[in-house]
Amino acid sequence: GIGRAFVLNRRVPKLANRNVRKALTLALDFEWLNQKFYYGGRIRAKSFWPGTILEATGIPSTAELLLLSDFRADLPPELFEQAFELPAAGTDDAFRQNLIEARELFKAAGWNVVDGELRNAEGEHFTLELLSFDADNKRILSPWIKSLERLGIVAKIRLVDISQYVNRMRKHNYDVFVQSYDFVIPPTLEARSNFHSSALMGEGSRNYTGVNSPVIDFLIETAEAADTLEELVAASRALDRVLVWNYLLIPLYAYDQRRTVHWEKFGRPPHPKYRPAYPDGWWYDADKASLIENISR
């Protein structure tokens, strides 16, 4: 799965614009967060199925192009021309360039800075409510809030109790929230409930991003109808590609290999690609254990 992310709700009119969502993505300095909070130990997902055969990489394959060609007018041209990369920063200069690009994207979407505040033609101020039930989220939200201030945006954390949080999630009553965002393999098991337009408005639906797109519907249906692995992979990669280029989430970090501290007295299988065999796949190794006993003596 994609790990932890800020989820943007497209049902909110100001977040329905892709330029706005990309600008908000540019305003997060992941490299700084990673260094300051995680000692550089986190990786960032560029896919909804990172590290699997379903991850979209490079430019679309011939099989993907066959699925996407009818929708070319509705997709960003970059999707066909380059590999997807999240904006990188880590230095003041690089991040300043990202904020300049973000300001231009806001301008293209009709939002301009007036007296230090980002406003649209109607004079409405761009504000964001960041919904959370976990006070610890303040740690990762605060640096983003400060960066958004530089763009004239006022973002505030709304801390609620769990019952109110669940109620607001059911009604899709939020701008942004922080969530561990997991997807199972194959995506056909839950892509419909997460991204299909049929799950858009129903109360309690899992379409948290509010995405409503004919091309996404088509790709989900194509993946569900696949008869071969090749067909499933092509449709899933095309779907992954459309999702990431739409900036529906701002990924914070991806799940990487499980870190386990243990006495070196166990035999264990090689680390599998997707799921560690801990602890049920480990076994007691008398030879290793005797080494530890000798050292401790």
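Given the structure is predicted, the values throughout are model-derived calculations rather than measurements. (Residues numbered from 1 in each chain as written. Predicted model: local features only at pLDDT ≥ 70, side-chain atom pairs only at ≥ 80, totals over all residues. Heavy atoms only, no water.)

Q: Where do I start with the overall build of the chain in this structure?
A: Of regular secondary structure, the chain possesses 11 helices and nine strands. The principal-axis extent of the C-alpha atoms belonging to the chain is close to 75 × 50 × 40 Å. Here the chain holds 297 residues, and the buried ones make up 45% of them. Taking as baseline every contact in the chain between residues at least 6 positions apart, the subset at least 24 positions apart corresponds to 72%. Accessible surface computed for the chain: about 15600 Å², of which carbon and sulfur atoms make up 51%. The distance from the centre of the 37 positive side-chain charges to the centre of the 39 negative ones in the chain is 5 Å. (Helix = DSSP H or I, 4+ residues; strand = E, 2+ residues; numbered from the N terminus. Buried < 20%, exposed > 50% of the residue type's maximum accessible area, 1.4 Å probe, protein only. Contact = heavy atoms within 4.5 Å. Areas by Shrake-Rupley, 256 points an atom, 1.4 Å probe, with all protein chains shown as cover. Lys, Arg positive; Asp, Glu negative; His and termini not counted. Charge placed at Lys NZ, Arg CZ, Asp CG, Glu CD.)

Q: Would you explain unusual backbone geometry in this entry?
A: Across residues other than glycine, the phi torsion is negative in most instances, and most of the peptide bonds are trans. In this structure, Asp115 is a non-glycine residue whose phi angle is positive, near 50 degrees. Taking relative accessible area as the criterion, Asp115 reaches 77% and is therefore assigned exposed. Here Tyr247, not a glycine, exhibits a phi torsion of approximately 50 degrees, which is positive. Within the secondary structure, Tyr247 sits in the loop between α10 (229–245) and β7 (249–253). Judged by relative accessible area, which is 4%, Tyr247 ranks as buried.

Q: Is there a simple way to think about the environment of Arg72 in this case?
A: Structurally, the position occupied by Arg72 is in the loop between α3 (62–68) and α4 (78–81). For Arg72, a relative accessible area of 47% corresponds to the partly exposed category. Arg72 sits 66 residues away from Phe6 along the chain, and the two C-alpha atoms are 28 Å apart. Residues within four places of Arg72 in sequence aside, it is in contact with Leu65 and Phe80.

Q: I tried to follow the packing of aromatic side chains on my own but got confused; where do I start?
A: Here a ring pair, both rings aromatic, is described through the centre-centre distance and the interplanar angle of the planes. If you walk through the whole model with that rule in mind, you get 13 aromatic pairs. Where Trp32 meets Phe37, the ring centres are 5.9 Å apart and the plane angle is 70 degrees; that geometry is what we call edge-to-face. Residue classification places Trp32 among the partly exposed residues on the basis of a relative accessible area of 36%. Residue Phe37 is classed as buried on the basis of its relative accessible area of 17%. Where Phe106 meets Phe126, the ring centres are 5.5 Å apart and the plane angle is 70 degrees; that geometry is what we call edge-to-face. Here Phe126 lies in the loop between β3 (117–119) and β4 (127–132) and Phe106 lies in helix α5 (residues 92–108), a separation of 20 residues in the sequence. Residue Phe126 is classed as buried on the basis of its relative accessible area of 0%. Each member of the aromatic cluster is reached from another via a ring pair, and the members are Phe48, Trp49 and Phe195. The ring centre of Phe37 lies 4.3 Å from the NZ or CZ of Arg139, which sits over that ring. The ring of Trp282 has Arg268 lying over it, and the distance from NZ or CZ to the ring centre is 5.4 Å. (Phe/Tyr/Trp six-rings, centres within 6.5 Å; stacked < 30°, edge-to-face > 60°. Lys NZ or Arg CZ within 6 Å of the ring centre and 35° of its normal.)

Q: Help me understand the environment of Ala238 in this model?
A: Inspection of the secondary structure assignment puts Ala238 in helix α10. Counting along the chain gives 175 residues from Ala238 to Ala63, while the straight-line C-alpha distance between them is 8.9 Å. Ignoring sequence-local partners within four residues, the contact set of Ala238 consists of Glu64, Leu68 and Leu219.

Q: I'm lost on helix α1 (residues 18–26) in this one. Help?
A: One turn of the α-helix equals 3.6 residues, which is why residues spaced by three or four share an orientation. The buried fraction of α1 amounts to eight of the nine residues, a majority that puts the element mostly inside the structure. Residues of α1 that are buried: Arg18, Val20, Arg21, Lys22, Ala23, Leu24, Thr25 and Leu26. For α1, the capping residue at the N-terminal end is Asn17, with a side-chain oxygen 2.7 Å from the backbone nitrogen of Asn19. (Polar contact = N/O pair within 3.5 Å; in protein donor to acceptor, adjacent residues only side chain to side chain.)

Q: What's the story with helix α2 (residues 30–38) in this structure? I'm lost.
A: Every buried residue of α2 is listed here: Phe30, Leu33, Asn34 and Phe37. Angular distribution of buried residues about the axis of α2 spans 100 degrees; they occupy a single face of the element. Of the exposed residues in α2, those oriented more than 90 degrees away from the buried face are Gln35 and Lys36. Just downstream of α2 lies Tyr39, where phi reads positive at about 55 degrees. (Arc of directions from axis to C-beta.)

Q: Just checking my understanding: could you explain the pairing of strand β1 (residues 3–8) for this structure?
A: In regular strands, side chains alternate between the two faces of the sheet. Burial analysis of β1 places six of its six residues in the buried class, which makes it a mostly covered element. Pairing of β1 with β7 involves four bridges; the strand directions are antiparallel. Residue pairing in the sheet places Val7 in a bridge with Leu249 of β7. (Pairing = 2+ DSSP bridges.)

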